[in-house]
Amino acid sequence: MKKEQWGTNFGFLMAAIGSAVGLGNLWGFPYKMGKSGGFAFLVIYLVLVVLVGSVVMLGELGLGRKTGKGVMGTYLEFSKKHAWMGYMGVVSGFLILSFYCVLGGVVTRYMIGYAAQLVGAEGFAGQGADFFGYFLYSPLSMVLFYAIFMALTLTIVMGGVQKGIEKFSSIAMPALVAILVFIIIYVACQPGAVEGYKFMFKPDFSVFSNPEIGFFGVFKSAAGQMFFSLSLGMGCMMTYGSYLSKKENLQKNALIIPLADTTIALLAGCAIMPACAAFGVDFSRGPGLLFVSMQTVFENMGGFGAIIGFLFYFLVFIAALTSSISILEVCTAFQIDKDVIKGKEPNRKKISFIYAIAIFIFGLPVALDALGSGGAAIMAPFELLGLEAGGPGYAMWNDCWLDVYDLIAEGILMPIGALVMSVLIGWFWKTDIIKNECELSGKPFVGYKFYDFCFKFVVPVVMAFIFYAQLVDFFS
Ligand code: TRP
């Protein structure tokens, strides 16, 4: 089989930025910023993107392009001993894609709800801003929308790298930016919006002296968020890099992707925070932000609520879909690599179909436990163990399957993935491996000392710290 490739560098960028820009930017970033001190969070986040994110990004893209393989194939290219890194990537894929598609399904439901309102129908079963709680306890609908979102993801991945992923992303991403800019302008014109900007941009480090969060709390939250948002640590960017032509400027691409991702996260904040401020909704309430708080905003908006609401959820829907396809692609490429090694002709359609079904089944608990609100169709982890919500031992098992999946992937597997990769690059294979790969495009490699120092020291230390902080949280 001929190796698949991106058609153009622009197409690659749209796909990679599409992977990076997702629920992490539109949901995680604003809500974590809301909970972890606004400006202080922002500053730490930006520092981490430069010192860690852009470096790991270059490492993943470089290794992927060098070998032309996905996460399994890439590590096997160096040594059989590293196969476990490949498996870790796929396990992360199972964990993340399952909860990601459950959430994508909920977003789809909200988008359809507002579309219905636009044509005068009742979109939210008469529940108004209570719809989220109501929907979580409708197992059939949850599973139905979960299945729809997974099926859309699968359809695009089945289309292949160029005709599926690249084609979809090249249309969807510009549309996303256009809608986002429109919403930001609309929100900026609402009285009271300014409080939202102040929260984001007015220097304020008081959160560091808050004993419940403190510097380390903010640091941990920003580091995990940065990682997830840039799609790092599970071989996603490695896989996308493997489809890139040797002619293209890797180093430049590895800067554009984090820059675009961070810009869009900030723009999302500039839409969401001021909207909450203008329409009397508290933005520091945590994960309910994307659904409960935003729906309240649209309800309070009056006549334009339905159209802005529809555009908003359509935007989130696009962002989520361009991300979910990149995760399914990691699993698909993993299996393609394995088939090629065995001398079998890989069948992309069949492989992605089987993985999508398997991941769908694996994610059913996430769709059915009502996010751990208790008494749902299936038991949340803490209920299974007979623990009381908030009681002893409860924190260890968190409160719902989504958190457990997320904790294992984002808190354990992905930091280890990035840690091991940067140690391999910095200490064993040496940073030259990345430098040489970058120079294939004919441009000299810039900032060798910086990258070398970051691969060797900064990335491993920050990763080890995230990992440690995660474990402390888990056992406290
Ligand atoms: N980055 C995406 C977001 O911000 C999610 C995502 C896509 C992801 N691919 C990934 C996260 C790979 C971790 C690893 O929502």
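Refer to the preceding data block for the structure.
Residues numbered from 1 in each chain as written. Predicted model: local features only at pLDDT ≥ 70, side-chain atom pairs only at ≥ 80, totals over all residues. Heavy atoms only, no water.

Novice: Before we move on, can you summarise the overall build of the protein chain with the specific residues and values?
Specialist: A count of helical and extended segments in the protein chain gives 19 helices and zero strands. Against the compact-globule benchmark of 23 Å for 476 residues, the protein chain has a radius of gyration of 22 Å, which places it among compact chains. By element, 68% of the accessible surface of the protein chain is carried by carbon and sulfur atoms, the whole surface being about 18300 Å². Distance from the positive charge centre (30 side chains) to the negative charge centre (29 side chains) of the protein chain: 13 Å. (Helix = DSSP H or I, 4+ residues; strand = E, 2+ residues; numbered from the N terminus. Rg over C-alpha atoms; globule rule 2.2 N^0.38 Å. Areas by Shrake-Rupley, 256 points an atom, 1.4 Å probe, with all protein chains shown as cover. Lys, Arg positive; Asp, Glu negative; His and termini not counted. Charge placed at Lys NZ, Arg CZ, Asp CG, Glu CD.)

Novice: So what's going on with the side chain of Thr332? Which residues, and what values?
Specialist: Positionally, Thr332 belongs in helix 14 (residues 305–341). A relative accessible area of 0% places Thr332 in the buried class. Beyond its immediate chain neighbours, meaning those up to four positions away, Thr332 contacts Val157, Arg348, Ile351 and Ser352. (Buried < 20%, exposed > 50% of the residue type's maximum accessible area, 1.4 Å probe, protein only. Contact = heavy atoms within 4.5 Å.)

Novice: Please provide a residue-by-residue account of the packing of aromatic side chains, values included.
Specialist: Remark: the centre distance and the inter-plane angle together describe each pair of aromatic rings, the angle taken between the planes. Enumeration according to the criterion identifies 46 aromatic pairs in this entry. Centroid distance Tyr87 to Phe334: 5.8 Å. Interplanar angle 70°. Geometry classified as edge-to-face. With a gap of 247 residues between them, Tyr87 in helix 5 (residues 83–118) and Phe334 in helix 14 connect regions that are remote in the sequence. With a relative accessible area of 41%, Tyr87 lands in the partly exposed category. Consider the rings of Phe298 and Tyr313, whose centres lie 6.0 Å apart with planes at 75°: the pair is edge-to-face. In this pair, Phe298 sits in helix 13 (residues 292–300) while Tyr313 sits in helix 14, placing the two residues 15 residues apart along the sequence. (Phe/Tyr/Trp six-rings, centres within 6.5 Å; stacked < 30°, edge-to-face > 60°.)

Novice: Go over the site of the ligand, please, and point to the residues and values.
Specialist: Among the 17 residues in the neighbourhood of the ligand, the closest are listed as Ala20, Gly24, Tyr100, Phe228 and Ser231. Measuring from a nitrogen atom of the ligand, one finds a side-chain N or O atom of Ser231 at 3.0 Å. Summarising the interface, the protein chains cover 100% of the accessible area of the ligand, which totals 370 Å² for the free molecule. Judged by the proximity of its atoms to the pocket grid, the ligand belongs to the largest cavity. Classifying every residue of the shell around the ligand gives nine nonpolar, eight polar and no charged. (Near = heavy atom within 4 Å. Polar contact = N/O pair within 3.5 Å; in protein donor to acceptor, adjacent residues only side chain to side chain. 1 Å grid on protein atoms, 1.4 Å probe; cavity = no way out; pocket = protein on both sides within 12 Å on 5 of 7 lines; lining within 4 Å. Sits in = over half its atoms within 2 Å of the grid points. Nonpolar A, V, L, I, M, F, W, Y, C, P; charged D, E, K, R; others polar.)

Novice: So what about helix 13? Which residues, and what values?
Specialist: Those residues of helix 13 not exposed but buried are Ser293, Met294, Gln295, Val297 and Phe298. For helix 13, the elements touching its buried residues are helix 5, helix 6 (131–136), helix 12 (250–278) and helix 14. Immediately downstream of helix 13, the backbone of Gly302 shows phi near 80°, a positive value.

Novice: Can you lay out the layout of surface pockets for me, pointing to particular residues and giving the numbers?
Specialist: Quantified by volume, the largest pocket comes out at close to 1700 Å³. What lines the largest pocket is a set of 44 residues, and nearest its centre among them are Tyr31, Lys32, Lys35, Asp403 and Asp406. Contributions of two or more residues to the lining of the largest pocket are made by helix 2 (23–35), helix 5, helix 10 (214–229), helix 17 (401–428) and helix 19 (448–475). Residue composition of the lining of the largest pocket, by class: 21 nonpolar, 14 polar and nine charged. (Points joined across faces, edges and corners; volume = space filled by probe spheres on them.)

Novice: So, the nonpolar core: which residues are in play, and what are the values?
Specialist: If you look at the biggest cluster of nonpolar residues, it comprises 170 residues, and the most contacted ones within it are Val52, Ile257 and Tyr313. Considering every element that reaches this core, the biggest residue donor is helix 14, with 20 residues. If sequence neighbours within four positions are ignored, Val52 has contacts with Met226, Phe227, Val458, Val459, Val462 and Met463. (Core = buried A, V, L, I, M, F, W, Y, C linked by side-chain atoms within 4.5 Å.)

That's the geometry; what it means functionally is another story.
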